[in-house]
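Here is how the chains run, residue by residue.
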Amino acid sequence: MDICIKYCGGCNPRYDRKKIVDKLKCDFKDINIITQIDNEKCDFVVIIAGCTSACVNHDSIEGKYGKLIIKNIRDYLKLRETLVSVIK
């Protein structure tokens, strides 16, 4: 499965956004993390916003199985649950 990651610009990060990707790599060893967005290859899209504003533009980005916006480190639990259900 190809997980496409889109980071915000990082103007006001409230947490270490890279930790989200590190956790993904640890919890889902068989996925491919892609940072170059290509709607043809994205099975699932993760928008990693550094704060609750989540102002990064992601309107044109779609994943075959969905998209989730991360606004804080606690959102990782929802991402994990979503991916577990999508991968089944």
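Use the structure listed above.
These lines cover the structure that appears in this document, whether it is placed above or below. What you see is a predicted model, and the numbers here were worked out from it, not measured in a lab.

### With respect to helix α2 (residues 76-87)
- The terminal C-alpha atoms of α2, which comprises 12 residues, lie 16 Å apart, in line with the 16 Å expected from a rise of 1.5 Å per residue.
- Three or more residues of α2 are buried, namely Tyr76, Leu79 and Leu83. Taken down its axis, α2 places every buried residue within 55° of arc, on the same side. Residues of α2 that are exposed and angled more than 90 degrees away from the buried face: Leu77, Lys78 and Glu81.
- The inward-facing, buried residues of α2 abut β1 (2-7), α1 (18-27), β3 (44-48) and β4 (67-70).

### A word on the sheet that holds β1
- Strand order in the open sheet made by the four strands is β2-β1-β3-β4, with parallel pairing throughout. In the strand order of this sheet, the two ends are held by β2 (32-34) and β4, each with one partner. Taking each pair of neighbouring strands and ignoring which way they run, the sheet shows an average axis angle of 25°.
- In terms of strand pairing, β3 meets β4 through four bridges, oriented parallel. Directly across from Val45, in β4, lies its bridge partner Lys67.
- Strands β1, β3 and β4 of the sheet are contacted by α2, whose axis makes an angle of about 165° with β4.

Conventions and cut-offs
Residues numbered from 1 in each chain as written. Predicted model: local features only at pLDDT ≥ 70, side-chain atom pairs only at ≥ 80, totals over all residues. Heavy atoms only, no water. Helix = DSSP H or I, 4+ residues; strand = E, 2+ residues; numbered from the N terminus. Expected span 1.5 Å × (residues − 1). Buried < 20%, exposed > 50% of the residue type's maximum accessible area, 1.4 Å probe, protein only. Arc of directions from axis to C-beta. Contact = heavy atoms within 4.5 Å. Pairing = 2+ DSSP bridges. Axes fitted to C-alpha atoms, helices over the stretch in contact; angles between N-to-C directions.

Keep in mind that these numbers describe shape and distance, not what the molecule does.
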